Amino acid sequence: MSALEVQGIEAGYGARSILHGIDLAVSDRGSLTVVGPNGSGKSTLMKVVVGLIRPTRGSIRLLGEDVTGLAAPARARRGVGYVPQEANVFRNMSVRENLKLGFEFIPSWQPGGFAGRLDAMLDLFPELSDRLGTLAGHLSGGQRQMVAMAAALMPGPALLALDEPSAGLSPRNAGLLFAAIGRIVDSGVAVFMIEQNTRLGLGAVEDGLVLVAGQVRARAPAHALLADPEMRRLYLGAEAAP
Ligand SMILES: Nc1ncnc2c1ncn2[C@@H]1O[C@H](COP(=O)(O)OP(=O)(O)OP(=O)(O)O)[C@@H](O)[C@H]1O
Ligand SMILES: [Mg+2]
C-alpha cells in the first residue's frame, strides 16, 4: 500500500488553474522529492497534499484512505506530519517544549511514550542532544529545522511532508540537515519533499519528480534524474552538476 497517492489533481487559485493533472505516489517507507522551476506549482502541490488547498479535480489517498475531502487537521490525525517552510517552531519555547507539543498534538500510538519518542528523535538528530533546554529562537537555522522535523515526527506519522527544508540555510547547515533527512528516510518514515536545491533534495531520497508549468515533466529514481544531462541542463540548474 502507498503512503501517499495523488491522482489526477487539478488545482489553482480562484479561476486560475495551476496544477494540470498530477499523478504521483510515495510507497510505504518510500521517499520522493519534487523539484522544478520557480512558479511551476511545487508549493501549490504541497498545499493540496497536506489539505490547505482543495483540488478542483482528482484525489489524495493516505495509506489507502481517500482524504480528499478532509481539511489539514484531520489529515494530520490520519498520519501526515507537515513541516511548513517558515514559522515552523515556537521560538520562545525550549527544544524539549517544542517536542512535547509535537507529541501532544496528536495522541500517540507509539510505545515508550514521550521519553521513548524523545530518545528516537535524539538518535535521528544528535545535534539536538545538548540543546534540549535552549529556546528554539536561539538556535541556528539548521538546528531550528531539525526541531521542526523532530516535533512533526514525535507522534509517529506515516508520512512526513517537508516544504523547502534548505530555504535560508548556509551550505554547511543545509548539508547537516540533509544528512538528518537521509536518516529519516532510512528509518522508514515515508517522505514527501519540495526542494529548490536539486542536488541536496534529490540526493536524500529514492524517487524524484520534475514539475514544469503544473505538469509532471519527469518521474524517475532520484539518482537517474541527477545523472541525466538533459534534465540537468533544462531543469536542475548548474548546482546539480557533480
Ligand atoms: N495564494 C496565491 N494566490 C494566487 N496565485 C498564487 C498563489 N500562490 C501561488 N500562486 C501562483 O501559482 C503559481 C505557482 O506558484 P507556486 O508557489 O506553487 O510555485 P513554486 O513552484 O512553489 O515556485 P517557487 O519555486 O518560486 O517557490 C505561480 O504563478 C504563483 O504566482
Ligand atoms: Mg514554492
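Residues numbered from 1 in each chain as written. Chains lettered and ligands numbered in written order. Predicted model: local features only at pLDDT ≥ 70, side-chain atom pairs only at ≥ 80, totals over all residues. Heavy atoms only, no water.

Asks: When you look at the sheet that holds strand β3 (residues 31–35) in this model, what are you seeing that I'm missing?
Replies: Adjacent strands of a sheet pair through backbone hydrogen bonds, lying either parallel or antiparallel. In space, the six strands of this open sheet follow the order β6-β7-β8-β3-β9-β10, with mixed pairing throughout. Two strands lie at the open edges of the sheet, namely β6 (80–83) and β10 (215–221), each paired on one side alone. Across the sheet, the mean angle separating the axes of adjacent strands is 15° when strand polarity is ignored. Bridging between β3 and strand β8 (residues 190–194) involves four bridges; their strand directions are parallel. Bridge pairing in β8 links V34 to I194. Of the strands in this sheet, β3, β7 (159–163) and β8 touch helix α6 (residues 171–187), which is tilted by about 145° from β8. (Pairing = 2+ DSSP bridges. Helix = DSSP H or I, 4+ residues; strand = E, 2+ residues; numbered from the N terminus. Axes fitted to C-alpha atoms, helices over the stretch in contact; angles between N-to-C directions. Contact = heavy atoms within 4.5 Å.)

Asks: I keep staring at the environment of L226 and nothing clicks. Help me out?
Replies: Locating L226 in the fold gives a position in helix α8 (residues 222–227). On the basis of relative accessible area, L226 is assigned to the buried category, the value being 17%. Through-space distance from the C-alpha of L226 to that of Q7 is 25 Å; in sequence the pair is 219 residues apart. (Buried < 20%, exposed > 50% of the residue type's maximum accessible area, 1.4 Å probe, protein only.)

Asks: In this structure, what is going on with the packing of helix α3 (residues 95–105) against helix α4 (residues 113–124)? I would like to understand it.
Replies: If you want to describe how two helices pack, look at the angle between their axes and the distance between the axes. Contact geometry for α3 and α4: axes closest at 11 Å, N-to-C directions at 120°. The angle between the axes of α3 and α4 places the two elements in the oblique class. Crossing hand, α3 versus α4: right-handed. Together, R96, L99, K100 and F103 of α3 and G113, F114, R117 and L118 of α4 make up the contact between the two elements. (Parallel < 35°, antiparallel > 145°, perpendicular 65-115°, else oblique. Left-handed = near helix turned anticlockwise from the far one by under 90°.)

Asks: Sorry if this is basic, but what is going on with the site of ligand 1 here?
Replies: Near ligand 1 the following residues occur: Y13, R16, I18, P37, N38, G39, S40, G41, K42, S43, T44 and Q196. With respect to ligand 1, the backbone of G39 contributes an N or O atom lying 2.8 Å from an oxygen atom. For ligand 1, an oxygen atom lies 2.9 Å from a polar atom in the backbone of S43. Of all the elements in the fold, those that place two or more residues in the shell around ligand 1 are β2 (16–27) and α1 (42–50). At three residues, the largest contribution of residues to the shell around ligand 1 is made by α1. Partitioned by chemical class, the residues of the shell around ligand 1 number three nonpolar, seven polar and two charged. (Near = heavy atom within 4 Å. Polar contact = N/O pair within 3.5 Å; in protein donor to acceptor, adjacent residues only side chain to side chain. Nonpolar A, V, L, I, M, F, W, Y, C, P; charged D, E, K, R; others polar.)

Asks: Any chance you could explain the packing of aromatic side chains here in plain terms?
Replies: A complete count under the given rule lists one aromatic pair for this structure. Ring centres of F103 and F114 lie 5.7 Å apart, and the angle between their planes is 70°; this geometry places the pair in the edge-to-face category. Here the residue F103 occupies a position in helix α3, and F114 occupies one in helix α4, the gap between them amounting to eleven residues. Of the two residues examined, F103 and F114, each falls in the buried class. (Phe/Tyr/Trp six-rings, centres within 6.5 Å; stacked < 30°, edge-to-face > 60°.)

Asks: Would you take a moment to explain the nonpolar core for this structure?
Replies: Soluble, globular proteins show a tendency: their nonpolar side chains are buried together. In this structure, F125, M149, L153, L160, L162, I181 and I184 are the most contacted members of the largest nonpolar core, which totals 48 residues. Those elements that provide at least two residues to this core are α3, α4, α5 (141–153), β7, α6, β8, α7 (198–203) and α8. Per-element accounting of this core gives the leading share, eight residues, to α5. For L160, the contacting residues outside a window of four places in its chain are G81, V83, A152, L153, I184, V189, A190, V191 and F192. One finds L19, L45, I60 and V67 within the second-largest nonpolar core, a separate group that totals 29 residues. (Core = buried A, V, L, I, M, F, W, Y, C linked by side-chain atoms within 4.5 Å.)

Remember, this is a structural readout, not a statement about activity or role.
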